[in-house]
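Examination of the molecular architecture
Listed below, chain by chain, are the residues.
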Amino acid sequence: MVTITLGLETSCDETGVGLVSDGVLLGQALASSMDEHIRYGGVVPEVAARAHLHSVNSCLREALAEAQLDLTQVDAIAVTSGPGLASSLHVGVAAAKGWSLALGKPLYAVHHVAGHVAADTLEHGPLPDRSIALIVSGGHSSLLKLGDLATDPIIHLGDTLDDAAGEAFDKVARLLGLAYPGGPSVQRAAVDGDPAAIDLPRPLLNSRDERHRYAFSFSGLKSAVARHVQSAQRNGRPIQTADVAASFQQSVVDVLVGKAIAACTDHAIDTLLIVGGVAANAHLREVATERCAAAGITLRIPPLRLCTDNGAMIAAIGDLVVRSGAKPSGLEFSADSSAPLDRSLLI
């Protein structure tokens, strides 16, 4: 039976609604409150939550219009119930519960990061039976071993020990006086820089401690950039922003790609997914493409429009969960801002 799943994403500062049927994206809409956070240098939870309240119904109407559907034609609803900003999550969960109750449609509480992985299926089709996923975003840096995304446990090979990759980009951008968000700003600055200009560490890349073989740590790298900047300021030298940005970006990319390829090789898995907001970084995509080809690994990265938070990815994971025959979550669950990533369906 073909079903239409509506997905709602409100974990941070993007309000996203998507509609997916049998792995095909029918329509989507996205509203961002990023411009409202720029002056603060980061996301303000209360501002984000109010923006979700303002945008959620208009995004729903826009996504339905693009899909040429009526709300009554939706068969199931999926919503991000965690992790994320608590106040933002509550807006989405409350809206999804209201739609579910009003329409009499089943509701599924899904994990935000599983949605990022599922987003790739909208572009490249079903996942293989086994794959490795590298999740890189403002709050997450993880290497995961995947089976069936809808039904199997998600195995963590390694996670960030401190700063996630996207968080490190934001902090380095502030050190260099670049605009928020840091990822795009550092990437733009790095275009004219020399990635070998500054000798920066590759944290844990060749760690002899097996506990850290697949783990990430970018706090020390950020500190190394800070020391370089502070030394230049003390000695009256100009800060070569482009070179610092390019060297920092290269270090992050070397660590991410190196550990991801090691995970694939060690576990005899020949498919690697790179997903999340940092997957939009052009240099990461270029280096990963080159090194995966050399290692005989199939690389899958969603298009840019599906890398950052969006409703399509939640509809995608909801679609997979619905088609797996999973039991709906009901209406009793709550938002969980620190939800662990063990399975795609949280409740």
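Structure: above.
Presented here is a report on the structure given in the accompanying data block. Quick caveat, the model's predicted, so the values are computed rather than measured.

Conventions adopted
Residues numbered from 1 in each chain as written. Predicted model: local features only at pLDDT ≥ 70, side-chain atom pairs only at ≥ 80, totals over all residues. Heavy atoms only, no water. Helix = DSSP H or I, 4+ residues; strand = E, 2+ residues; numbered from the N terminus. Expected span 1.5 Å × (residues − 1). Buried < 20%, exposed > 50% of the residue type's maximum accessible area, 1.4 Å probe, protein only. Contact = heavy atoms within 4.5 Å. 1 Å grid on protein atoms, 1.4 Å probe; cavity = no way out; pocket = protein on both sides within 12 Å on 5 of 7 lines; lining within 4 Å. Points joined across faces, edges and corners; volume = space filled by probe spheres on them. Nonpolar A, V, L, I, M, F, W, Y, C, P; charged D, E, K, R; others polar.

**Some remarks on unusual backbone geometry**
Each neighbour pair has its own omega, and for Gly82 with Pro83 the value is -10°, a cis peptide bond. Within the secondary structure, Pro83 sits in the loop between strand 4 (76-82) and helix 3 (86-103). In this structure, Pro181 follows Tyr180 across a cis peptide bond, with omega equal to 0°. Its place among the elements puts Pro181 in the loop between helix 6 (165-175) and helix 7 (182-190). With phi around 55°, Gln68 is a residue other than glycine that occupies positive phi space.

**Side note on helix 3**
Its 18 residues place the ends of helix 3 26 Å apart at the C-alpha level, agreeing with the 26 Å of an ideal helix rising 1.5 Å per residue. Listing the buried residues of helix 3 in full gives Ser88, Leu89, Val91, Gly92, Val93, Ala95, Ala96, Trp99 and Ser100. For helix 3, the secondary structure elements touched by its buried residues are strand 1 (5-9), helix 2 (45-67), strand 4 and strand 5 (107-111). Residue Gly104 follows helix 3 closely and has a positive phi angle near 70°.

**Examining the layout of surface pockets**
Taken as a whole, the largest pocket holds about 1,100 Å³ of empty space. Ser137, Gly138, Asp170, Pro181 and Gly277 are, among the 37 residues lining the largest pocket, the residues nearest its centre. Every element with two or more residues in the lining of the largest pocket is listed here: helix 4 (112-119), helix 6 and helix 7. If you tally residues by element for the lining of the largest pocket, the top one is helix 6, at five residues. In terms of residue class, the lining of the largest pocket is made up of 13 nonpolar, 17 polar and seven charged. Roughly 310 Å³ of volume is contained in the second largest pocket. Lining the second largest pocket are 18 residues, and of these Thr121, Pro126, Leu127, Leu320 and Arg323 sit closest to its centre. Elements with a minimum of two residues in the lining of the second largest pocket: helix 5 (121-124) and helix 11 (311-323). Along the lines of polarity and charge, the residues of the lining of the second largest pocket split into nine nonpolar, four polar and five charged.

Function cannot be read off these values alone, since they describe shape.
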